[in-house]
There are 2 protein chains.
Amino acid sequence: MPMAMNRALSIRSSRRDRENTGGRHRFSISTFRGIQAPELSRRLSRLIKSENNAIGAYEAAGRERSSIAAQLSDWGESTEDDAVSDISDKLGVMLAEIGEQEDVYAQNLEDSRGVLKHIRNMEASVQPSREQRQKVTDEIAKLKYKDPNSTRITTLEHELVRAEAQNLVAEAQLSNTTRTKLKEAYDIQLAATIERAEKQIILARHARRLLNYIDDSPLVPGDARAGYEHEVEARQVLEDAEADLRAWESTVEPVTSAARGASVSEQGEGASLINGGDSMVNDVPPAAKQMEEPQSAKAEAEPVPY
Amino acid sequence: MPMAMNRALSIRSSRRDRENTGGRHRFSISTFRGIQAPELSRRLSRLIKSENNAIGAYEAAGRERSSIAAQLSDWGESTEDDAVSDISDKLGVMLAEIGEQEDVYAQNLEDSRGVLKHIRNMEASVQPSREQRQKVTDEIAKLKYKDPNSTRITTLEHELVRAEAQNLVAEAQLSNTTRTKLKEAYDIQLAATIERAEKQIILARHARRLLNYIDDSPLVPGDARAGYEHEVEARQVLEDAEADLRAWESTVEPVTSAARGASVSEQGEGASLINGGDSMVNDVPPAAKQMEEPQSAKAEAEPVPY
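Please read these numbers as outputs of a predicted model, since none were measured by experiment.

In terms of regular secondary structure, chain A is built from seven helices and zero strands. Counting only residues that meet the buried cut, chain A has 52% of its 306 residues in that class. Surface summary for chain A: the accessible area is close to 14,400 Å², and the carbon and sulfur share equals 48%.

Our next topic: the relation of the copies chain B and chain A. A rotation about some axis, followed by a shift along it, carries one copy of the chain onto the other. Laying chain B over chain A is done by rotating through 180° and shifting 0.0 Å along the axis; what remains is an RMSD of 0.1 Å. Within this description, the copies of the chain are treated as partners about a two-fold rotation axis. Every residue of chain B has its C-alpha some distance from the rotation axis, and the shortest such distance is that of B:Ala197, at 2.1 Å. Of all interface residues in chain B, 99% are interface residues in chain A too; the two copies therefore contact each other through one and the same surface.

The full count for this structure, using the stated rule, is 38 salt bridges over all chains. Residue A:Glu39 pairs with A:Arg42 through a salt bridge whose shortest N-O separation is 3.3 Å. Note on A:Glu39: relative accessible area 53%, which makes it exposed. B:Arg113 is paired through a salt bridge with B:Glu110; the nearest N and O atoms lie 2.9 Å apart. Placement of the pair is B:Arg113 and B:Glu110 together in helix α4 (residues 82-146), with a separation of three residues, close to one helical turn. Shared partners join several salt bridges into a network, and the residues in it are A:Glu102, A:Arg196, B:Glu102 and B:Arg196.

Another aspect to go through is the packing of aromatic side chains. Residues and elements named next belong to chain A. Tallied over the full model, the rule gives two aromatic pairs over all chains. Ring plane angle 80° and centroid distance 4.9 Å describe the contact between Tyr58 and Tyr105, whose orientation is recorded as edge-to-face. Taken together, the residues Tyr58 in helix α3 (residues 42-78) and Tyr105 in helix α4 (residues 82-146) connect sequence positions 47 residues apart. With a relative accessible area of 0%, Tyr58 lands in the buried category.

Bringing the interface of chain B and chain A into the picture now. Every contact between the two is made by 129 residues of chain B and, on the other side, 128 residues of chain A. Both faces considered, chain B and chain A share a buried interface measuring about 11,500 Å² in area, 59% of it formed by carbon and sulfur atoms. Broken down residue by residue, the surface that chain B buries against chain A is led by B:Arg12, B:Arg179 and B:Arg208, which jointly contribute 8%. The closest approach of N and O atoms between B:Glu51 and A:Arg65, which form a salt bridge, is 3.8 Å. Here chain B is connected to chain A by 54 residue pairs in polar contact (both at pLDDT 80 or more). If one sorts the elements of the side of chain B that touches chain A by residue count, helix α5 (residues 152-211) of chain B sits on top with 29 residues. Classifying every residue of the side of chain B that touches chain A gives 61 nonpolar, 30 polar and 38 charged.

What follows covers the side chain of A:Glu195. With respect to the element layout, A:Glu195 can be found in helix α5 (residues 152-211). Judged by its relative accessible area of 10%, A:Glu195 falls in the buried class.

As a further point, take unusual backbone geometry. In this structure, A:Glu80 takes a positive phi of about 55° despite not being glycine. With respect to the secondary-structure elements, A:Glu80 resides in the loop between α3 and α4.

Residues and elements named next belong to chain B. In the contact formed by α4 and helix α6 (residues 231-247), the axes pass within 10 Å of each other and the chain directions differ by 10°. As summarised for this structure, α4 and α6 are arranged roughly parallel, according to the angle between their axes. Taking contact as the criterion, the partners of Asp86, Ile87, Lys90, Val93, Met94 and Glu97 in α4 are, on α6, Glu231, Ala234, Arg235, Val237, Leu238, Ala241 and Leu245. By residue class, the composition of the contact of α4 with α6 is eight nonpolar, no polar and five charged.

Residues and elements named next belong to chain A. Mean pLDDT for chain A: 82, with 75% of residues reaching 70 or above. The lowest-confidence element of chain A is helix α7 (residues 286-289), averaging 39 in pLDDT; the highest-confidence one is α3, averaging 97. Between residues 18-35, whose pLDDT stays under 50, and residues either more than four places distant or in other chains, the model counts 22 contacts. Below pLDDT 50 for its whole length, residues 266-302 participates in 51 contacts with residues either more than four positions away or in separate chains.

Once that is clear, we can look at the environment of B:Thr256. Mapped onto the elements of the fold, B:Thr256 is located in the loop between α6 and α7 (286-289). Overall, B:Thr256 belongs to the partly exposed group, its relative accessible area being 45%.

A word on the environment of A:Arg12. Topologically, A:Arg12 is positioned in the segment before α1 (15-19). From its side chain, A:Arg12 meets the backbone oxygen of B:Ser73 in a polar contact 2.8 Å long.

Moving on, we come to the packing of α3(A) against helix α3 (residues 42-78) of chain B. Where α3(A) meets α3(B), the axes come as close as 8 Å, and the angle between the chain directions of the two elements is 160°. One finds that α3(A) runs roughly antiparallel with respect to α3(B). In the packing of α3(A) onto α3(B), the handedness of the crossing is left-handed. Classifying every residue of the contact of α3(A) with α3(B) gives 20 nonpolar, ten polar and twelve charged.

In this model α3(B) runs 54 Å from its N-terminal to its C-terminal C-alpha over 37 residues, within 8% of the 54 Å that 1.5 Å per residue would give. Immediately downstream of α3(B), the backbone of B:Glu80 shows phi near 55°, a positive value.

On the secondary structure map, B:Leu72 appears in helix α3. Accessibility expressed as a relative area gives 0% for B:Leu72, which makes it buried. Sequence-wise, B:Leu72 and B:Arg43 are 29 residues apart; in three dimensions their C-alpha atoms are separated by 43 Å. When neighbours within four sequence positions are excluded, B:Leu72 is seen to be in contact with A:Leu47, A:Leu182, A:Tyr186, B:Ser88, B:Leu91, B:Gly92 and B:Leu95.

Definitions and cut-offs
- Note on numbering: residues in each chain are counted from 1, in written sequence order.
- The order in which chains are written sets their letters, starting at A; the order in which ligands are written sets their numbers, starting at 1.
- Where local features are concerned, this predicted model is filtered to residues with pLDDT of at least 70; where side-chain atom pairs are given and counted, the filter is 80 or more; whole-chain, interface and lining totals use all residues.
- The side-chain numbers reported here are obtained from all heavy atoms of the structure, hydrogens and water having been left aside.
- Where helices and strands are cited, they refer to DSSP runs of H or I of at least four residues and of E of at least two residues respectively, numbered from the N terminus.
- Relative accessibility under 20% of the residue-type maximum defines a buried residue, over 50% an exposed one, and the middle range a partly exposed one, all with a 1.4 Å probe and only protein chains included.
- Here, Shrake-Rupley sampling with a 1.4 Å probe gives the accessible areas, and only protein chains in the shown set may cover a residue.
- Least-squares fitting of one copy onto the other uses the C-alpha atoms of those residues that reach a pLDDT of at least 70 in both copies.
- Only heavy atoms matter for contacts: two residues are in contact if any of them lie within 4.5 Å across the pair.
- Note on definitions: salt bridges are taken to be side-chain nitrogens of Lys or Arg within 4 Å of carboxyl oxygens of Asp or Glu.
- Here a Phe, Tyr or Trp ring, Trp counted by its six-membered ring, pairs with any other such ring whose centre lies within 6.5 Å, and the pair is stacked when the planes are under 30 degrees apart, edge-to-face when over 60, and tilted otherwise.
- Accessible area that two parts lose when put together, evaluated with a 1.4 Å probe and summed over both, is termed the buried area.
- The term polar contact refers here to a pair of N or O atoms within 3.5 Å; inside protein, the definition further demands a hydrogen-donor-capable atom paired with an acceptor-capable atom, and it admits residues adjacent in sequence only when both atoms are side-chain atoms.
- Residues are grouped as follows: Ala, Val, Leu, Ile, Met, Phe, Trp, Tyr, Cys and Pro are nonpolar; Asp, Glu, Lys and Arg are charged; every other residue, Gly included, is polar.
- Geometry is summarised by axes, namely lines fitted to C-alpha atoms with helices restricted to the contacting stretch, and by angles between N-to-C directions that run from 0 to 180 degrees.
- An angle counts as roughly parallel when it lies under 35 degrees, as roughly antiparallel when it exceeds 145, as roughly perpendicular when it falls between 65 and 115, and as oblique in every other case.
- You can read pLDDT as the predictor saying how much it trusts each residue, on a scale of 0 to 100.
- A crossing counts as left-handed when the near helix is turned anticlockwise from the far one by less than a right angle, and as right-handed when that turn is clockwise.
- Expected helix span is computed as 1.5 Å times (number of residues minus one).

Printed below as a string of structure tokens:
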């Protein structure tokens, strides 16, 4: 099946579509939660919600696969055909493990989704900073028109410089968080996609060997099948698959990150990194507090930790 | 994550579990349909129903992935960050294609499921043949006890021979169909698992390259980002992915089949084979009709076509 990516070097919706965001998304009670989110974080809030649906779908697929695997084995036994019984049972073990990989994948997607929440939270926290700056600017303009000699103008101008400084920091934090966490989230997600794929290939290739142990030469009515003699070989297939899975190692090229140093996917499961080492993301760094005098709003701060 | 296949060289449920079949299966109206199916085909009917649930889960995953891909691109545009905007859009294209592969996979699972239905139908059609033989046997025994000189006994004995001959053919057909179609169904399913995996690896590996075009070096408040200069390279990534997908070829070892000759998965998409060339599966072959005289019930028939 040839890929039709040619027609889509971009997936961006037209502006008209975008007005009612969400694509195939339908309204429901929980949708309104998204609408209550601050404007700036609304799109990502919805995406994170959709990601949750995708994760649920993979979990369901994993559950069904396990259930089907057990049913296949039980059906095979009920046929009272030694070959079908043994192979359906072994095939069931392999299919259950393929299903287990869907579940591991869902967990990794959940980790990736957790990383996106950092961006959403940052967006939500930057919104009031933008609004505060705008509010003070508006107040000064109003006062200068109504009461140009008011001493409150000077106070407000001091306040504006502080608001601007705070907002500059917030915007830098937003940019840093957005770029770093976007890379991290999809680093995890794509590495997980590759891991699931490579492990399922191992399992499926070995599982195909099992099928060859069922002799399906046409039977003449009244004749009996030759005895089944592949039990040891079939068992060996499971052991080979297990050994190959154990020996599996990730071979993905690390994603470079100036902020993080190493690729998350290089460091193994990734999950442990999500809550680690970035507690300053949502804090206003000390730099913002040094600028309480009306002076150049250009911060002389250190780079904002992401 | 090490595989725990060791604990499971078999996935067969204990007899106790098997009494209430279906595992995590819950009762619903449609469950009762399974119960109404002939005893012999009940297990496989349920398995086919569960497989439908699994297919639905993969379809849902594919849909969500496409929706998320579009949302990611739109969010990226809204950040007004050139790098994030371009990469999120291109990443969206790749994620949508990964989602498309889930959908192709679901279609292939549906083909595999269609092949299992041949076995279920054969099981359902063999059941009356077994019952008929038993019924005639019981009638003869009853009559021999009640009215040993009845001429109907001879008639019934003729009928029994015919019933036995028909049943022998039916059982041979069942064995042939079960073995051939079991191999064929899982040949398709496992080849599809490998195809999805290989294509998603291509897509995910290229998609990871995109992430490297986002510079996430920490920004100092008030500083602007350097201009984004990777648009051409990012576009090239999509073209590379498309070229690799186009060049993809299946490398699975064919599953051998004495009945079918070649492996289904070797012959391409597989779907077209499902309704082809096996119209005799559910027909009673001519052999059964030749044996209307009470003689050895051992059929001198040709091998039953699967």
